[in-house]
Amino acid sequence: MKASWDIFCSVVDNFGDVGVTFRLARQLVAEHDLQVRLWIDDLNAFARLCPGADPLADQQMQDGVIVCRWPAEWPKTWQPLQLPHVVVEAFACRLPPDYIDAMLGAEKRPLWFNLEYLSAEDWVSGCHGLPSIQSSGLRKYFFFPGFTAKTGGLLREAGLIEKRQAFQANPAARQSFLQRLNIAPHADARLMSLFAYEHAGLGSWLDCLAQADRTTHLLVPEGRILGDVQRWLGVDELTAGAVHARDALTIQVLPFVHQQDYDSLLWCCDFNVVRGEDSFVRAQWAGRPLIWHIYEQDDDAHWAKLDAFLELYRVGLSEAAGQALTEVWRSWNGGTAMTQGWNALEQHTDELAAHARRWCLEQALQEDLTTALVRFYQSWI
Ligand code: TRH
């Protein structure tokens with residue numbers, strides 16, 4: 001009998017929670033031959049990432065994963081529950097009380113993980129894998145994704161890097177992918193993607209690109225940044241398919257694409273602006289330079305996360321390139337003018353490109369997050 005896993009995902013906002021948990025669920029099925037139910041409380045967000053999905057279905061099979069609606073009220077008729085071997089509570093969402101009661105009463109209790117948000121901060125390695133005893137007496141294990149061997153690692157499907165390298169080495173594959181999305185950049189244009197939250201200083205960055213010696217084709221999937229782009233362009237409306245040129249810069253708005261297509265898009269680009277958690281990791285696997293627009297937290301906790309990552313990522317970069325990168329990432333996240341930082345960063349294009357490839361290969365030496373979770377379970381039973 002296959003071991004079974006339940007993953008619970010509550011969509012706070014945006015797409016990261018559902019993006020990460022669906023990716024994890026798919027990998028558990030495809031590479032570890034497990035039976036996985038993914039409980040999601042907002043199937044509309046799920047349907048954006050997985051266009052074949054039905055946002056109204058109580059249960060559906062997608063890529064081998066049983067995707068279930070997580071109802072606000074857990075129906076009493078669902079008791080007694082068929083409990084799985086492993087429960088993953090993603091990003092500190094709260095399991096239904098009836099589900100916890102069922103775990104308490106079970107003869108063989110499932111292993112209970114709290115899968116945390118990604119952070120490069122030092123304290124993570126000290127907390128990774130630790131149990132927390134609940135008032136009910138149940139144990140919940142904290143599992144932290146991260147960038148060092150003392151953490152749970154990053155989500156990375158088997159063969160991902162090889163697949164990406166083969167794609168990038170194959171101009172025909174790139175061309176046909178871009179054609180499918182109606183993207184036709186000039187032969188000498190550099191390709192960039194922009195997936196970010198609102199950014200008050202965006203106009204200064206677009207000015208830099210428009211005034212640069214080199215032409216840029218900027219791809220913007222529909223989303224929160226579009227308002228800032230629209231203001232800079234001075235147009236009334238921006239929807240998928242729109243293409244506008246200003247001096248050396250062409251801006252093209254894309255529809256929100258399938259999660260797998262988003263990977264290929266990142267692989268096609270010379271530079272990616274990404275946000276949150278999942279696109280941030282995928283951009284690292286693309287092996288191309290990036291800007292990270294981090295998810296803002298109320299208590300400004302995101303700044304410590306940003307700086308912790310920069311400290312790790314800068315290792316191996318020259319002082320000048322590292323400083324320029326830090327300035328650009330900090331001004332992007334602070335919503336301030338980008339002109340000085342971006343122009344400095346442009347002096348280090350080749351170094352940053354080589355560094356992004358190296359960083360990706362170094363990170364890929366670590367065990368991936370899904371395998372680490374499975375291995376933890378195997379040593380727990
Ligand atoms: O959507 P996000 O801003 O999600 C955020 C973060 O995860 C953050 O940590 C969390 O606290 C907050 O949500 C609630 O960014 P993220 O994590 O990059 O997720 C976006 C997902 O959307 C990712 O799986 C990639 C996917 N995507 C597509 O599938 N198609 C697209 O066209 C684009 C642009 C993205």
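Residues numbered from 1 in each chain as written. Predicted model: local features only at pLDDT ≥ 70, side-chain atom pairs only at ≥ 80, totals over all residues. Heavy atoms only, no water.

Per an unreviewed UniProt entry, the chain goes by the name Protein-arginine rhamnosyltransferase and belongs to Pseudomonas graminis. The heading Catalytic activity (unreviewed entry) in the UniProt record of the chain holds the text "dTDP-beta-L-rhamnose + L-arginyl-[protein] = N(omega)-(alpha-L-rhamnosyl)-L-arginyl-[protein] + dTDP + H(+)". Taken from UniProt, the Sequence similarities (unreviewed entry) comment for the chain reads in full: "Belongs to the glycosyltransferase 104 family." (UniProt positions renumbered as here; feature names shortened; annotations may be inferred.)

This part covers the nonpolar core. The biggest cluster of nonpolar side chains holds 117 residues, and the ones touching the most others in it are W5, L194, W205, W329 and W342. The element best represented in this core is helix α1 (residues 16-32), accounting for seven residues. Three or more residues apiece are contributed to this core by two domains, here domain 1 (4-154 + 366-380) and domain 2 (160-364). Residues within four places of L194 in sequence aside, it is in contact with L202, W205, L218, L219, V220, P221, I225, V229, V273 and W332. Counting 16 residues, the second largest nonpolar core, distinct from the first, contains F8, W39, L95 and L138. (Core = buried A, V, L, I, M, F, W, Y, C linked by side-chain atoms within 4.5 Å. Buried < 20%, exposed > 50% of the residue type's maximum accessible area, 1.4 Å probe, protein only. Helix = DSSP H or I, 4+ residues; strand = E, 2+ residues; numbered from the N terminus. Domains from an automatic or database assignment. Contact = heavy atoms within 4.5 Å.)

This part is about the environment of I100. Structurally, I100 is set in helix α3 (residues 97-105). Along the primary structure I100 and D54 are separated by 46 residues, whereas in three dimensions their C-alpha atoms are 28 Å apart.

Turning our eyes to something else, we now look at α1. If you check α1, its first and last C-alpha atoms are 23 Å apart, about what 17 residues at 1.5 Å a residue would give, namely 24 Å. Of all 17 residues that make up α1, 13 are buried, and the element is covered over most of its length. Taken from the residues just after α1, D33 is the one with a positive phi, measuring 55 degrees. (Expected span 1.5 Å × (residues − 1).)

A word on a nonpolar patch on the surface. Residues V12, Y117 and Y295 make up a contiguous nonpolar surface patch of about 270 Å² in total accessible area. Relative to the assigned elements, V12 resides in the loop between β1 (4-9) and α1. When its relative accessible area of 55% is taken as the criterion, V12 is described as exposed. (Patch = residues over 30% accessible without salt bridge, like charges linked within 9 Å, V, L, I, M, F, W, Y side chains within 5 Å. Areas by Shrake-Rupley, 256 points an atom, 1.4 Å probe, with all protein chains shown as cover. Salt bridge = Lys/Arg side-chain N within 4 Å of Asp/Glu carboxyl O.)

Moving on, we come to the site of the ligand. Near the ligand lie 23 residues; those nearest to it are Y197, V257, R275, D278 and S279. A distance of 2.8 Å separates an oxygen atom of the ligand from a polar atom in the backbone of F15. Here S279 contributes a side-chain N or O atom positioned 2.5 Å from an oxygen atom of the ligand. Considering each element in turn, the shell around the ligand owes the most residues, three residues, to α1. When the residues that make up the shell around the ligand are grouped by side-chain class, the tally is 11 nonpolar, seven polar and five charged. There are two domains that each give the shell around the ligand at least three residues, and those are domain 1 (4-154 + 366-380) and domain 2 (160-364). (Near = heavy atom within 4 Å. Polar contact = N/O pair within 3.5 Å; in protein donor to acceptor, adjacent residues only side chain to side chain. Nonpolar A, V, L, I, M, F, W, Y, C, P; charged D, E, K, R; others polar.)

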